[in-house]
Amino acid sequence: MAVEIPPLVKTSRLRSRGGLLGECIAEFLGTFVLIAFGCGVVAMAVAALPGSGRAATPTTIFLAAGDWLLITWGWALAVVFGVYVAGGISGAHLNPAVTLAMAVRRGFPWAKVVPFWIAQLVGAFTGAALVYLVYHNAISAFDQAVPGPKVNGHTNATFSIFATFPAPYFHGGVWGPLIDQIVGTAFLLIMIAAVIDLRNQAVKANLAPLIVGFAVAAIGMSYGANAGYAINPARDFGPRLFTYAAGWDSLAFPGSVAGVFSDYWWIPIVGPLVGGTIGILVYDLFIGDVLTVRAEMAELPEPGRTRPVRTVDEDEEY
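Nothing here was measured: the structure is a model prediction, and the numbers come from that model.

A. A look at the side chain of His93. Summarising the element assignment, His93 is placed in the loop between helix H2 (65-90) and helix H3 (96-105). On the basis of relative accessible area, His93 is assigned to the buried category, the value being 12%. Separated by 2.9 Å, the side chains of His93 and Thr99 make a polar contact. Non-local contacts of His93, meaning those with residues more than four positions away in its chain, are made with Glu27, Val98, Thr99, Met102, Phe108, Phe116 and Gln120.

B. Quick peek at the packing of H3 against helix H4 (residues 113-145). Two numbers describe how H3 lies on H4: the axes approach to 9 Å, and their chain directions differ by 165 degrees. Classified by the angle their axes make, H3 and H4 are roughly antiparallel. Crossing of H3 against H4: the hand is right-handed. On the side of H3, the interface is formed by Pro96, Thr99, Leu100 and Ala103, while H4 contributes Val113, Phe116, Trp117 and Gln120.

C. How the structure looks around the packing of aromatic side chains. Applying the stated criterion across every chain yields a total of 17 aromatic pairs. Connected via pairs of aromatic rings, a cluster forms that spans Phe125, Tyr132, Phe162, Phe242 and Trp248.

D. A look at the pattern of salt bridges. The full count for this structure, using the stated rule, is five salt bridges. A salt bridge links Arg106 to Asp284, with the shortest nitrogen-to-oxygen separation between them at 2.7 Å. With Arg106 in the loop between H3 and H4 and Asp284 in helix H9 (residues 267-297), this pair connects stretches of sequence that are 178 residues apart. Arg106 gets classed as partly exposed once you look at its relative accessible area, which sits at 31%. On the accessibility criterion, Asp284 (5% relative accessible area) is buried. One continuous salt-bridge network, built from bridges that share partners, spans Arg105, Arg106 and Asp284.

E. Region of the structure containing helix H7 (residues 208-223). Spanning 16 residues, H7 covers 22 Å between terminal C-alpha atoms, matching the ideal 22 Å at 1.5 Å per step. Residues of H7 that are buried: Pro209, Val212, Gly213, Ala215, Val216, Ala217, Ile219 and Gly220.

F. Main features of unusual backbone geometry. Residues Phe253 and Pro254 are joined by a peptide bond in cis, for which omega reads 5 degrees. Mapped onto the fold, Pro254 is located in the loop between helix H8 (233-248) and H9. One non-glycine residue, His171, lies in positive phi territory at about 55 degrees. Within the fold, His171 resides in the loop between helix H5 (156-159) and helix H6 (175-196).

G. Up close: the environment of Ala157. Take Ala157: it is sitting in helix H5. Once the C-alpha coordinates of Ala157 and Val146 are considered, the two residues, 11 residues apart in sequence, prove to be 9.2 Å apart.

H. A look at the nonpolar core. By size, the foremost hydrophobic cluster in this structure holds 69 residues, and its most contacted members are Trp75 and Ile161. Listing elements by their share of this core, those giving two or more residues are helix H1 (20-51), H2, H3, H4, H6, H7, H8 and H9. When residues of this core are assigned to their parent elements, the largest contribution, 12 residues, is made by H1. When near neighbours in sequence (up to four residues on either side) are disregarded, Trp75 contacts Leu34, Ile35, Gly38, Cys39, Val41, Val42, Val216, Tyr229 and Arg235.

I. Quick look at a nonpolar patch on the surface. Taken together, the side chains of Leu69, Trp73, Leu77, Phe81, Tyr84, Leu207, Ile211, Phe214 and Met221 define a hydrophobic patch exposed on the protein surface, amounting to about 790 Å² of accessible area. The dominant element in the nonpolar patch, judged by the number of residues it contributes, is H2, at five residues. Structurally, the position occupied by Leu77 is in helix H2. According to the relative accessible area criterion, Leu77 is partly exposed, its value standing at 45%.

About the cut-offs
Residues numbered from 1 in each chain as written. Predicted model: local features only at pLDDT ≥ 70, side-chain atom pairs only at ≥ 80, totals over all residues. Heavy atoms only, no water. Helix = DSSP H or I, 4+ residues; strand = E, 2+ residues; numbered from the N terminus. Buried < 20%, exposed > 50% of the residue type's maximum accessible area, 1.4 Å probe, protein only. Polar contact = N/O pair within 3.5 Å; in protein donor to acceptor, adjacent residues only side chain to side chain. Contact = heavy atoms within 4.5 Å. Axes fitted to C-alpha atoms, helices over the stretch in contact; angles between N-to-C directions. Parallel < 35°, antiparallel > 145°, perpendicular 65-115°, else oblique. Left-handed = near helix turned anticlockwise from the far one by under 90°. Phe/Tyr/Trp six-rings, centres within 6.5 Å; stacked < 30°, edge-to-face > 60°. Salt bridge = Lys/Arg side-chain N within 4 Å of Asp/Glu carboxyl O. Expected span 1.5 Å × (residues − 1). Core = buried A, V, L, I, M, F, W, Y, C linked by side-chain atoms within 4.5 Å. Patch = residues over 30% accessible without salt bridge, like charges linked within 9 Å, V, L, I, M, F, W, Y side chains within 5 Å. Areas by Shrake-Rupley, 256 points an atom, 1.4 Å probe, with all protein chains shown as cover.

As structure tokens, this is what we get:
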């Protein structure tokens, strides 16, 4: 129901928020919501549910696919609500890879790219801080219950609440996780481009955030286990900064676990930035350019048809 809502601050004092500042504030809050719910659901799965007596043991996590589905759907809903919160002001990028892709191919002003990135990073850092504030007792109890190895009393399991790391089967290699992040983020941008493209079968009735959330869930289910499907530099780097400040030390920076992986912190940044750019280019090459040509020709056949259908009357004229 639409109602007229009076501003908390006098309108004259809000003028400065009408431009880039307001957009950055929206990106901050949207990313904050994204991380608060996204990292929050991982905190539930890793520390809160086991520690609350709702699992088989105080350290029981990831014994079934259902644990992973809890996380993938939690992150999907986090994206949905983050986009709904910020979408009307900034377009709700909430992701430096999305911002870069929109600048490369959708006319987003390059002057806004770095301010958006900063707002997203600060929002992600703050969201992680909130999750820690709410769940630090559960995190501490889990770290105490789990045997080593530990860094400053913390385990890699509780670090995974906030940021990502690669699976052991990569044996510390760089290319496997990097390719994984490129592929996952490329798919994300392909789906976003398709959802918002009014020339295509664009989502109507303000359901685009929900469909983007479904896309994130699909990526998590299909490509999540390799490296935690960060697919968003701010989503990983902001919480990683927080965990470093909160005592996870080398697990966060440089992102190392002895004998497993080392210096991982840069991969969830570079991979998504590269993948997002590739994704938007792939969409435009295979879909966007075709839609442009059809619009120029003013010939829009039904999906699956290669030419317009002639009517009987048109045939008789000849």
